[in-house]
Amino acid sequence: MSEVFLKTIWWIPLYPLIGAILSIPWSPGIIRKTGPRPAGYLNIFLTLIAFFHGLFALNIIWEKPAQQLIIPYLQVVDLDFSIPLEISTLTLGAILLITGLNLLAQIYTIGYMEMDWGWARFYCLLGLFEAGLSALVLCDSLFYSYIILEILTLGTYLLVGFWFNQSLVVTGARDAFLTKRVGDLFLLMGVVALYPLAGTWNFGELAQWAQTANIDPKVATLLGLVLLAGPMGKCAQFPLHLWLDEAMEGPVPSTILRNAVVVASGAWILVKLEPVLALSPTVLSTAVVVGLATAVGTSLIAMAQIDIKRAISYSVSSYMGIAFVAVGTEQTETALLLLLTYAVAMALLVMSTGGIILNNITQDLTQYGGLWSRRPISGLCFIVGVFALIAMPPFGGFWTLQQLIENLWTTEPAIAWTVLIVNGLTAFSLTREFGLIFAGKPQQMTVRSPEGLWALVLPMMFLAGFCLHVPLLLANWNLLPEFTTINKTVAGVLLLSSLSGCGLGCLIYLNDNWQKPVQLGSKAVQDFFAYDFYTAKLYRLTIIAVVGSVSKVMFWVDRYLVDGFVNLVGFATIFSGQSLRYNVSGQTQFYALTIVLGVTAIMGLLAFAFF
């Protein structure tokens, strides 16, 4: 009986997909008498089934070797399109994380979108997201993973553009879709180019092939770079990071999934492809450089934002940059542990601020203040989320960063110190957000701001409790180091970076005597960080300008050369046809005379040329 849960593991992505399909009749109002509520409850029920299916399967596979399930599909000559699924503790743990967070997000939606007219459509899209993410972690094929990533890109576009009657929403959805497509295009090149070299798209077989592969270093570098571009777009890394900022226009419940696990899907593929990327040291170095640049840059940008969602979104890019650093330094286990601790902490931060945004009808941090006395549960959950994300012992984030930095402390000290700086900057940024929201005196927008409905508070409290228990889970899974083996210097410096960031944030933003908003001495420097290093303007002056100029040239060529030549031929045909019609009289002798005259003229010309 227990083996049934493993053999039917492919049902898990089908549960939310069925829920999404069954929600369709409520979306356009085909079913009206019941209202859209049943669509949400149906999706919650099916997600709960998927969660327990994964839980039972994990209990069976625990401490056992990984298994592979092949779903036969299509085989054409040497191409085998069968669908391989990996059943292991890792994949099923990821399944529980995805289904569990989506279950909490769906319950959160009940309170957040209680009166929204697109209720059924939103639950349908959440189901599509859950199905895609579940299929991604189970799938053991790069080819099918790419297809699933495309589905997730479409889901991002639809969820970001959910409130499509707003101009900023439409722009954000468009930019998110197009930016991701840039990375996806390069990833597709890598997927196509990899098969002739390795003869497989299976991740396990690719890892075995990479151990003995003997290919040209230039080919390995080019292949690794195009494969790296896909995760760069998914994880919102420089220079493909702007989409996540604009994607904040979507509803908060979708942001819970997007910030916690959707962006991590790119890092998941990056971890799977690490053996192939390691064929070229240049590719690994590029991953480290991109990760460090993004982590430092977005941490600085986050400190200058006055929008709650955008400030959090830049912290997302920052931690995904740290994941790039872990993969680039060949610490894949650390990267996976980072994705776990990060996902639950980030989801909690989004939840704890989502209810505040809903109640106060603003995302401007400068209009908040004094909410600690009115929303203590949200405040406590926000603190737990901050401590779980940064390196604050004994929370999970501390052990992840401790492991990462300890492995780099002697070999790559510059990288280790940069990660320490990022941790301190993130601690300061999140403390700044807490101070602006909860400290100080109530403002006009926060005078009346009680805790939200049970559907908003319950998932938030449950997730806060889970964050508190993450260290215990890591200890039970033997993922925490022995106390005697810990590098005390690294642990002390890491803790000091967190305390420094939090302490400086408290000194400024929990101090009523410190004038706020804080103004730097140079407005140019402040604007430089506030406007994202002017990246959007740089895009307009470079890429967009070049594409626009090329488009204008192509338009001119198409309009005046291609179309002009075609129109000229058509006009000549019409003119000659109109002229010849007057020679059509229907009399045979007239046609004969015309032929004779024509032949005589031709022969006369030939005779003139000959003599």
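As annotated in an unreviewed UniProt entry, the protein is NAD(P)H dehydrogenase, subunit NdhF3 family protein from Lyngbya aestuarii BL J.

## Some points on the overall build of the protein
A count of helices and strands for the protein gives 24 helices and four strands. Dimensions of the protein, computed from the C-alpha atoms along their principal axes, are close to 110 × 60 × 60 Å. Burial statistics for the protein: of 611 residues in total, 51% are counted as buried. Put simply, 80% of the contacts in the protein that link residues at least 6 apart link residues at least 24 apart. Working note: accessible area of the protein is about 28,700 Å², and carbon and sulfur atoms make up 70% of it. Distance between charge centres in the protein, computed from 28 positive and 32 negative side chains, equals 13 Å.

## A word on the packing of helix H6 (residues 142-160) against helix H7 (residues 167-198)
The N-to-C vectors of H6 and H7 enclose an angle of 175°; their axes lie 9 Å apart at closest approach. In terms of their interaxial angle, H6 and H7 are classed as roughly antiparallel.

## Topic: the domain arrangement of the protein
Examined at the domain level, the protein breaks down into domain 1 (1-140), domain 2 (141-518) and domain 3 (540-610). The C-alpha-based centres of domain 1 and domain 2 are spaced at 23 Å. At the junction of the two partners, domain 1 supplies 43 residues and domain 2 supplies 53 residues. Taken together, both faces of the contact between domain 1 and domain 2 bury some 4,100 Å²; the carbon and sulfur share is 80%. Here domain 1 is connected to domain 2 by one salt bridge.

## Details of the nonpolar core
Formed by 164 residues in total, the largest nonpolar core has its most connected members in Leu 101 and Tyr 342. Viewed by domain, this core spans two of them, domain 1 (1-140) and domain 2 (141-518), each represented by three or more residues. Every residue in contact with Leu 101, bar those within four places of it in the chain, is listed here: Leu 257, Ala 260, Val 261, Ala 343, Ala 347 and Leu 463.

## As for a nonpolar patch on the surface
Residues Trp 10, Trp 11, Leu 14, Leu 17, Ile 18, Ile 21, Leu 22 and Ile 24 make up a contiguous nonpolar surface patch of roughly 680 Å² in combined accessible area. Topologically, Leu 22 is positioned in helix H2 (residues 11-22). Accessibility expressed as a relative area gives 41% for Leu 22, which makes it partly exposed.

## Overview of unusual backbone geometry
Here the amide bond leading from Phe 238 into Pro 239 is cis, since omega sits at 0°, within 30 degrees of zero. Backbone torsion omega between Pro 393 and Pro 394 reads 5°, so that peptide bond is classified as cis. Mapped onto the secondary structure, Pro 394 falls in the loop between helix H16 (376-389) and helix H17 (396-408). Phi angles above zero are rare outside glycine, and Asn 478 is one such case at about 60°. When you line up the elements, Asn 478 lands in the loop between helix H19 (454-476) and helix H20 (488-509).

## Regarding the pattern of salt bridges
Tallied over the full model, the rule gives seven salt bridges. Between Asp 175 and Arg 174 there is a salt bridge; the shortest N-O distance is 3.1 Å. What makes Asp 175 buried here is its relative accessible area of 18%. A salt bridge links Glu 451 to Arg 375; its shortest N-O distance comes to 4.0 Å. One end of the pair, Glu 451, is in the loop between helix H18 (413-438) and H19; the other, Arg 375, is in the loop between helix H15 (332-360) and H16, and 76 residues separate them in sequence. With a relative accessible area of 22%, Glu 451 lands in the partly exposed category. The structure contains a network of salt bridges with shared partners spanning Glu 150, Arg 181, Asp 184 and Lys 234.

## Focus: the packing of aromatic side chains
For the structure shown, the criterion picks out 23 aromatic pairs. Note on Tyr 319 and Tyr 342: the rings are 6.2 Å apart at their centroids and 20° apart in plane angle, and the pair reads as stacked. With a gap of 23 residues between them, Tyr 319 in helix H14 (residues 308-328) and Tyr 342 in helix H15 connect regions that are remote in the sequence. For the pair shown, Tyr 319 and Tyr 342 are each scored as buried. In textbook terms, an aromatic cluster arises when at least three aromatic residues are bridged by ring pairs, as seen for Phe 5, Phe 51, Phe 52 and Phe 56.

Reading the values: rules and limits
- Residues numbered from 1 in each chain as written.
- Predicted model: local features only at pLDDT ≥ 70, side-chain atom pairs only at ≥ 80, totals over all residues.
- Heavy atoms only, no water.
- Helix = DSSP H or I, 4+ residues; strand = E, 2+ residues; numbered from the N terminus.
- Buried < 20%, exposed > 50% of the residue type's maximum accessible area, 1.4 Å probe, protein only.
- Contact = heavy atoms within 4.5 Å.
- Areas by Shrake-Rupley, 256 points an atom, 1.4 Å probe, with all protein chains shown as cover.
- Lys, Arg positive; Asp, Glu negative; His and termini not counted.
- Charge placed at Lys NZ, Arg CZ, Asp CG, Glu CD.
- Axes fitted to C-alpha atoms, helices over the stretch in contact; angles between N-to-C directions.
- Parallel < 35°, antiparallel > 145°, perpendicular 65-115°, else oblique.
- Domains from an automatic or database assignment.
- Buried area = accessible area lost by both parts, 1.4 Å probe.
- Salt bridge = Lys/Arg side-chain N within 4 Å of Asp/Glu carboxyl O.
- Core = buried A, V, L, I, M, F, W, Y, C linked by side-chain atoms within 4.5 Å.
- Patch = residues over 30% accessible without salt bridge, like charges linked within 9 Å, V, L, I, M, F, W, Y side chains within 5 Å.
- Phe/Tyr/Trp six-rings, centres within 6.5 Å; stacked < 30°, edge-to-face > 60°.

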